[in-house]
Protein chains: 2
Amino acid sequence: MTQPTGAGTDRPATLADIAAATGVAVSTVSRALSNPSRVNRETRERIERVAADLDYVANGHARALTSGRTGAIAVLIADVTNPFYFGVLRGAQQQSRAAGYTQILVDTDESGELEDQVLKRLRRSYDGALLAASRLSDRRLAALAQEIPLVALNRQTAGVPSVFIDSPSGVEQALEHLVSLGHRRIAYASGPRTSFSNAGRWRAMRRAGARLGVEPILVGPFSSRQSAGAAAAEAVLNADVTACIAFNDLLAIGMLTRLRERGVDVPGDLSIVGCDDIFGADFCNPPLTTLTAPVEQAGRTAVAMLLARLEESRLPVANSTLPTHLTVRASTGPVPDHRSDR
Amino acid sequence: MTQPTGAGTDRPATLADIAAATGVAVSTVSRALSNPSRVNRETRERIERVAADLDYVANGHARALTSGRTGAIAVLIADVTNPFYFGVLRGAQQQSRAAGYTQILVDTDESGELEDQVLKRLRRSYDGALLAASRLSDRRLAALAQEIPLVALNRQTAGVPSVFIDSPSGVEQALEHLVSLGHRRIAYASGPRTSFSNAGRWRAMRRAGARLGVEPILVGPFSSRQSAGAAAAEAVLNADVTACIAFNDLLAIGMLTRLRERGVDVPGDLSIVGCDDIFGADFCNPPLTTLTAPVEQAGRTAVAMLLARLEESRLPVANSTLPTHLTVRASTGPVPDHRSDR
DNA sequence: ATGAAAGCGCTAACAG
DNA sequence: CTGTTAGCGCTTTCAT
């Protein structure tokens, strides 16, 4: 009753099994399955039929060993619990699945060292890597990009293909929004010093401030966790401002909570703008005015670029920029009356 | 200037390179590196030194090909954008990294078929799998568990090792909480029909209801997405109840939003209880009373169990149950006065 | 268009 | 304790 292999057996079918069952050589089977055009139609069809009968699934390791290709892409994120990555992961997943690639997920725990190490240690386990929020230095990143096909998200480093969500432009827009509401004393609650995005946002804020005739006030840095919001709120309160743009929504939401506890009315006493429009920004209290980032698209685009590089290894270094837009909700409002004349 | 291999060369070092440089056989090098105890100390140390010099990193594919072990575990989740999985992923990541395992993440998009397919197609790419919220039928799941080392999360199926977050007990507690606040007409906003957890929660609710002398009212089913909250809210409003336990926080939060739009005061007119205590449950408006699930621990425990099975393949099927607890926030309150006499 | 043969880098008997 | 010898399953020349 038991067949020699395949369906109904414990041992998975191999090329050799198919070859035996078909009466052709393994090399022919190999070709038929991975390079169909180079095999006679009849034989190919016969082979395909037998392969299906035997529930044949190629052994990825054996394949990788000889061909070097793994069919996997590595996705490195700094912190799985940061909702910002949800969309990125989902977009990346969609795109890679569609192309038949598997995803290896690594949480690098905000550590550049770990990032580097993982990239090396797993080198032969993936074909290319997507670095979402790399903590690597520009030098290191550029060096790695020479050896490994990779695409960085929100990182602009010479020689490194990237997808950049243009939050700096968004920050300018946000500042305009606040100024048009009458705010003049505006703070920026800074994110972690190691964050590339943070630097860009603050720079944009100064630039826009200069243009609009307001001088933004820097507070922080704070870690980009919700829990850091308490400290950020206190610091902002202390800075005697009427509005604040926060490094990201996580921080902004944390601030909202603290401000509420302290009896500070948002936006009555203080307006708050977040960044990213993560899960939760729409239902926090008050709903957050924020910069909406096309994260899912970013994930898709990044993987698409990566796959393109894998096909065509000597592609020019591409840099794609995705626009953000300001989503006004309820955390921003006109400057308090008694302050408008400052 | 160029060395034959290793540091500074393009081609990564192999066991053979180390063997050549050390003057021992490859098999000895292999042993020294993966079974240190079975090699003479001096030789081992020499080998280790050379390996380090050469930046040796084992080729996982070659290893997998012969040994069958991949050093990877697959984590299947139904939807990456569901915050419930954050903690699970993080816990799983911690535990697997600590043991030197890599994580392959797959979003099965709520599809049992895809789940099955992925598990098969990638079979040789992982050593074991963690199914967080499997959509597989009991039969199918049990069958797979025979062939593949796996641990299921929130699934209780004979013969399948599992980690179960005991939300049913929590639901009983939640119902007691509501009853003690004077509620008598209480709805359960049901999750998707295919969800195992949903069935358990509803069952628990009926059981507790019988004990407490109230008959819960079933509304739904609804998908477990925030957007389904609108429909759920309407249905609950229509059911003429004073309180509602929702399948999960995502649904509950969606309901909150809709109720606010409709001018229904929570908890003044209607009390809402969620389930899971996901990201956002603490800062939504009003903050949600919910069942706090130890998700991160669940992830850790599940991976720990899985790894234990991998070491010791004939371990008895273990089932670990993790308790939940009721976290009372601001979405539940006393029954409205004019209804208390019903 | 197909076959034969040589590995990819590693592990796992089996000898010594 | 160490070396020798086979492969694991597949891809890839090189012939035919």
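Residues numbered from 1 in each chain as written. Chains lettered and ligands numbered in written order. Predicted model: local features only at pLDDT ≥ 70, side-chain atom pairs only at ≥ 80, totals over all residues. Heavy atoms only, no water.

Q: Could you give me a rundown of the overall build of chain A, with the residues and numbers involved?
A: Secondary structure assignment for chain A yields twelve helices and twelve strands. The C-alpha radius of gyration computed for chain A amounts to 26 Å, which surpasses the reference 20 Å derived for 342 residues by more than 25%, pointing to a less compact arrangement than a globule. The principal-axis extents of the C-alpha atoms in chain A amount to approximately 90 × 45 × 35 Å. Residue burial in chain A is summarised as follows: out of 342 residues, 54% are buried. (Helix = DSSP H or I, 4+ residues; strand = E, 2+ residues; numbered from the N terminus. Rg over C-alpha atoms; globule rule 2.2 N^0.38 Å. Buried < 20%, exposed > 50% of the residue type's maximum accessible area, 1.4 Å probe, protein only.)

Q: Can you break down the interface of chain A and chain B residue by residue, with the values?
A: Facing 44 residues of chain A, the contacting portion of chain B comprises 43 residues. Around 3,900 Å² of area is buried between chain A and chain B when both sides are counted, 60% of it from carbon and sulfur atoms. Across the pair D79 of chain B and R90 of chain A runs a salt bridge, and its minimum N-O distance is 2.9 Å. Counting the contacts that link chain A with chain B gives 14 residue pairs in polar contact (both at pLDDT 80 or more). Elements supplying a minimum of two residues to the side of chain A that touches chain B: helix 4 (60–67), helix 5 (84–98), strand 2 (102–107), helix 6 (112–121) and helix 11 (249–261) of chain A. Looking at the side of chain A that touches chain B, the element that brings in the most residues is strand 2 of chain A, giving six residues. Looking at the side of chain A that touches chain B residue by residue, the classes come out as 22 nonpolar, 13 polar and nine charged. (Contact = heavy atoms within 4.5 Å. Buried area = accessible area lost by both parts, 1.4 Å probe. Salt bridge = Lys/Arg side-chain N within 4 Å of Asp/Glu carboxyl O. Polar contact = N/O pair within 3.5 Å; in protein donor to acceptor, adjacent residues only side chain to side chain. Nonpolar A, V, L, I, M, F, W, Y, C, P; charged D, E, K, R; others polar.)

Q: Give a detailed account of the domain arrangement of chain A, specifying residues and quantitative values.
A: A common way to report how large an interface is uses the accessible area buried once the components associate. Residues and elements named next belong to chain A. According to the domain assignment, chain A consists of domain 1 (15–57), domain 2 (61–165 + 294–324) and domain 3 (167–293 + 327–339). Between domain 2 and domain 3, the residue contacts involve 13 residues of the former and 15 residues of the latter. When domain 2 packs against domain 3, the two sides together hide about 1,200 Å² of surface, and 59% of this comes from carbon and sulfur. Remark: the boundary between domain 2 and domain 3 carries zero salt bridges. At the surface where domain 2 touches domain 3, the tally comes to two residue pairs in polar contact (both at pLDDT 80 or more). Contributions of two or more residues to the side of domain 2 that touches domain 3 are made by helix 5 and strand 5 (162–166). Counted by class, the side of domain 2 that touches domain 3 contains seven nonpolar, four polar and two charged residues. (Domains from an automatic or database assignment.)

Q: Just give me the short version of the side chain of S271 of chain B, but keep the residues and values in it.
A: Residue and element names in this part refer to chain B. Locating S271 in the fold gives a position in strand 9 (residues 271–276). A relative accessible area of 0% places S271 in the buried class. Within the structure, the side chain of S271 is placed 2.9 Å from the backbone nitrogen of G333, a separation counted as a polar contact. The residues touching S271, leaving out its near neighbours within four places in the chain, are L178, H183, T242, A243, C244, S331, T332 and G333.

Q: I'd like to hear about helix 2 (residues 26–34) of chain B, residue by residue, with values.
A: Regarding helix 2 of chain B, the residues found buried are T28, V29 and A32 of chain B. The buried side chains of helix 2 of chain B occupy one side of the element, clustering within an arc of 100° when seen end-on. (Arc of directions from axis to C-beta.)

Q: Tell me about the protein's contact with DNA strand C, residues and numbers included.
A: Around DNA strand C sit 25 residues, and of these T28 and R31 of chain A together with L15, Y56 and R63 of chain B come closest. If you look at DNA strand C and keep only atoms within 4 Å of the protein, 66% of those are sugar or phosphate atoms. Note that a phosphate oxygen of DNA strand C is positioned 2.8 Å from one of the side-chain N or O atoms of T43 of chain A. S30 of chain B is positioned with one of its side-chain polar atoms (N or O) 2.7 Å from a phosphate oxygen of DNA strand C. Elements that contribute at least two residues to the surface near DNA strand C include exactly helix 2 (26–34) and helix 4 of chain A together with helix 2 and helix 4 (60–67) of chain B. Considering each element in turn, the surface near DNA strand C owes the most residues, four residues, to helix 4 of chain B. (Near = heavy atom within 4 Å.)

Q: Which residues make up the protein's contact with DNA strand D, and what values do they have?
A: Around DNA strand D sit 24 residues, and of these L15, Y56 and R63 of chain A together with S27 and R31 of chain B come closest. Near-protein atoms of DNA strand D (within 4 Å) split between backbone and bases, with sugar and phosphate holding 59%. Note that a phosphate oxygen of DNA strand D is positioned 2.5 Å from one of the side-chain N or O atoms of R63 of chain A. At 2.7 Å, a backbone N or O of N40 of chain B approaches a phosphate oxygen of DNA strand D. Mapped onto the surface near DNA strand D, the elements with two or more residues apiece are helix 2 and helix 4 of chain A together with helix 2 and helix 4 of chain B. With four residues, the top contributor of residues to the surface near DNA strand D is helix 4 of chain A. Its residues assigned to classes, the surface near DNA strand D shows nine nonpolar, ten polar and five charged.

Q: So what's going on with the UniProt feature "domain: HTH lacI-type" (unreviewed entry) in chain A? Residues and values would help.
A: Mapped onto the present numbering, the UniProt feature "domain: HTH lacI-type" (unreviewed entry) falls on residues 13–67 of chain A. Helix makes up 69% of residues 13–67 of chain A and strand 0%, and the two end C-alpha atoms of the span are 20 Å apart. (UniProt positions renumbered as here; feature names shortened; annotations may be inferred.)

Q: Go over the pattern of salt bridges with me, naming the residues and quoting the values.
A: The tally for this structure, following the rule as stated, stands at 36 salt bridges over all chains. With a closest N to O distance of 3.3 Å, D17 of chain B and R11 of chain B form a salt bridge. Three or more residues are tied together by salt bridges with common partners; here these are E172, E176, R207 and R211 of chain A.

Q: Describe the sheet that holds strand 9 (residues 271–276) of chain A, listing the residues and the values that go with them.
A: All names here are of chain A. Spatially, the six strands line up as an open sheet ordered 7-6-8-9-10-12, and their pairing is mixed. With partners counted over all chains shown, the strands left at the sheet margins are strand 7 (217–219) and strand 12 (325–327), one partner each. The mean angle between the axes of side-by-side strands here comes to 25°, regardless of whether they run parallel or antiparallel. Judged from the three bridges that link them, strand 8 (residues 243–246) and strand 9 form a sheet pairing that is parallel. Looking at strand 9, one finds that I245 is bridged to V273. (Pairing = 2+ DSSP bridges. Axes fitted to C-alpha atoms, helices over the stretch in contact; angles between N-to-C directions.)

Q: Tell me about unusual backbone geometry, and please be specific about residues and values.
A: At the junction of N285 of chain A and P286 of chain A, the peptide bond is cis and its omega measures out at -5° in the coordinates. Secondary-structure assignment places P286 of chain A in the loop between strand 9 and strand 10 (289–292). Going from V266 of chain B to P267 of chain B, the amide bond is cis rather than trans, its omega being 10°. Mapping P267 of chain B onto the fold places it in the loop between helix 11 (249–261) and strand 9. Positive phi, close to 55°, is recorded for D109 of chain A, a residue that is not glycine. Considering the arrangement of structural elements, one finds D109 of chain A in the loop between strand 2 and helix 6. We classify D109 of chain A as partly exposed; its relative accessible area is 47%. Phi at D55 of chain B is positive, roughly 60°, even though this residue is not glycine. One can find D55 of chain B in the loop between helix 3 (41–53) and helix 4.

Q: Just give me the short version of the relation of the copies chain A and chain B, but keep the residues and values in it.
A: One chain copy maps onto the other through a rotation about an axis and a shift parallel to that axis. Placing chain A over chain B gives an RMSD of 0.2 Å and needs a rotation angle of 180°, together with 0.1 Å of translation along the axis. Both copies of the chain, as the preceding transformation shows, are related through a two-fold rotation axis. A share of 98% of the interface residues of chain A reappears at the interface of chain B, consistent with the copies meeting face to face through the same patch. (Least-squares fit on C-alpha atoms with pLDDT ≥ 70 in both.)

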